[in-house]
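# Structure at a glance
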Amino acid sequence: MTTRTNSAQLLPARLDEEALWEAVLNRDRGSNGKFVYGVRSTHIYCRPSCPSRRPNRTQVVFFESAGTARQAGFRACRRCRPDSSSVVDPQTEIIQRACQLLDAHTDEGGVTLSALGSALGVSPYHLQRTFKQLVGVTPRQYVESRRMARFKGHVKSGDGVTEALYNAGYGSSSRLYEKAPQQLGMTPATYRSGGPGIMIHFTIVVCRLGRLLVAGTNRGICAIRLGDSDEELESSLRGEFSAADILQDDAALRAWAEDVVQHLEGRQPQLNLPLDIRATAFQMRVWRELQAIPYGSTRSYGEIATAIGQPSATRAVARACATNPVAVVIPCHRVVRGDRSLGGYRWGIDRKRKLLEQESKGELSKTAKRFVVQRHRS
């Protein structure tokens, strides 16, 4: 006879069931090894990242370890193998091996998806889908980015363009020039010669979070950074855009900078500024979703991953947030961990806390104003 179980009997008080359930919903691999969950209807227990269909919440019970799950009469899932001593998810292991094989075959035409799937013992369709879920791009896009990175490395080490493109694995110069506008932002020859003709202006002003740098091209803002000193901010900008001509021009950037400062002070909740930023398709999807988060609200990394249709890509979402080039305009500060703790922030966790506090106060102020108006009308 099986004894009815509940999470209160099985988990220490410090574990928050709602946070655990969110980890299950997001198939959070970072939670593997921290707890397991059982399904009463099947009496099977799984890792948080188990790829099986997610059960009804009312059927789920949480356990601190696989041992306590077994003691309660549950048996291990055969898909996610929660009894394995390794906490690495089987799907993650496959994709890690896939990346290793792709890294060894970055030449054009080096390895097909079918050949890769055969080598790993999985179908091409499953490999394509799982790879994109975990890495954020397809295997082909991964190889293209690695090839371009190799080209950049050879150029920076002193190789000529022709030598660098063949050493990087390009079969012809036409293939490199075809990809250059999206991945380099300029032609290979321009990149090799240091980027003459590309002009970036910037200004640095004081704001409630320290020093604020706003930089832009003739198409829009390409960087917004927060820091403690002008020297630090300018050095960082020049390091990232080393191929451009960079000049300080306070007058040209004044209007954009004033908009950002007013936003930071809570006087302009919505920012609608032109951007000139380059990104992968995945990064752009994440950043657009961040811009859809209402002022004064937050979302978890898992919620963003689910919203873009890739619930398993929590870590890829976190990386996209960390590489956001325009602070505040793309509000990566509104993304928090599943347990609602702040997590990380490229410009400092204290700034993230202040930003969220300011936005929260702004929302409370708007609510209070609406209440006063309603009372006055009544």
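Since we're looking at a predicted model, the values are computed, not measured.

## Section: helix H5 (residues 113–120)
Of the positions making up H5, those classed as buried are Leu116, Gly117 and Leu120. For H5, the arc enclosing every buried residue in end-on projection is 100°, short of the 170-degree limit, so these residues lie on one face. Phi turns positive, to about 75°, at Gly121, one or two residues after H5.

## What to know about the sheet that holds strand S3 (residues 60–63)
Pairing in this open sheet of four strands is mixed, and the strands run S3-S1-S2-S4 from one edge to the other. The outermost strands of the open sheet, each flanked by one partner alone, are S3 and strand S4 (75–76). Taken together, the four bridges between strand S1 (residues 36–39) and S3 define a ladder with antiparallel strand orientation. Counted as the bridge partner of Val36 is Phe63 from S3. Running over the sheet, helix H2 (residues 17–25) touches S1 and S3 and is turned about 105° from S3.

## Let's talk about the nonpolar core
Formed by 39 residues in total, the largest nonpolar core has its most connected members in Leu212, Ile224, Leu226, Phe282, Val286, Leu290 and Val317. Among the secondary structure elements, those contributing two or more residues to this core are strand S6 (210–216), strand S7 (221–227), helix H12 (250–264), helix H13 (281–291), helix H14 (301–307) and helix H15 (314–322). At five residues, the largest contribution of residues to this core is made by H12. If sequence neighbours within four positions are ignored, Leu226 has contacts with Cys207, Leu209, Arg211, Leu212, Leu233, Ala327, Tyr345, Trp347 and Arg351.

## Structural notes on unusual backbone geometry
For His43, which is not a glycine, the phi torsion comes out positive at approximately 55°. Of note, His43 is situated in the loop between S1 and strand S2 (44–46). For His43, a relative accessible area of 23% corresponds to the partly exposed category. Although it is not a glycine, Val328 adopts a positive phi angle of roughly 75°. Within the element layout of this structure, Val328 appears in the loop between H15 and strand S10 (335–336). The class of Val328 is buried, set by a relative accessible area of 3%.

## A look at the pattern of salt bridges
Side-chain pairs of opposite charge can arise whenever the charged atoms involved come near each other. Using the criterion set out here, one finds 13 salt bridges in the structure. A salt bridge links Arg211 to Asp230; the nearest nitrogen and oxygen atoms lie 2.7 Å apart. Taken together, the positions of Arg211 in strand S6 and Asp230 in helix H11 (residues 230–240) put the pair 19 residues apart, joining distant regions of the chain. The exposure class assigned to Asp230 is partly exposed, which follows from its relative accessible area of 29%. The residue Asp228 makes a salt bridge to Arg351 at a minimum N-O spacing of 2.7 Å.

What counts, and at which threshold
- All residue numbers here refer to positions counted from 1 along the written sequence of the relevant chain.
- Only residues with pLDDT of at least 70 are given local features in this predicted model, and only at 80 or more are side-chain atom pairs given and counted; all residues enter the totals for whole chains, interfaces and linings.
- With hydrogens and water set aside, each side-chain value is computed from the structure's full complement of heavy atoms.
- Classification of residues uses two cut-offs on accessible area relative to the type maximum, computed with a 1.4 Å probe and protein chains only: under 20% is buried, over 50% is exposed, and between them is partly exposed.
- Counting from the N terminus, the helices are the DSSP runs of H or I reaching at least four residues and the strands are the DSSP runs of E reaching at least two.
- Arc, as used here, means the arc of the directions from the helix axis to the C-beta atoms.
- Pairing between strands requires that DSSP locate at least two bridges from one strand to the other.
- Residues count as neighbours in contact if any of their non-hydrogen atoms are within 4.5 Å of one another.
- Axes here mean lines fitted to C-alpha atoms, for a helix over just the part in contact, with angles spanning 0 to 180 degrees between N-to-C directions.
- Note on terminology: a nonpolar core comprises buried Ala, Val, Leu, Ile, Met, Phe, Trp, Tyr and Cys residues joined through side-chain atoms within 4.5 Å.
- Salt bridges are identified by distance alone: a Lys or Arg side-chain nitrogen within 4 Å of an Asp or Glu carboxyl oxygen.

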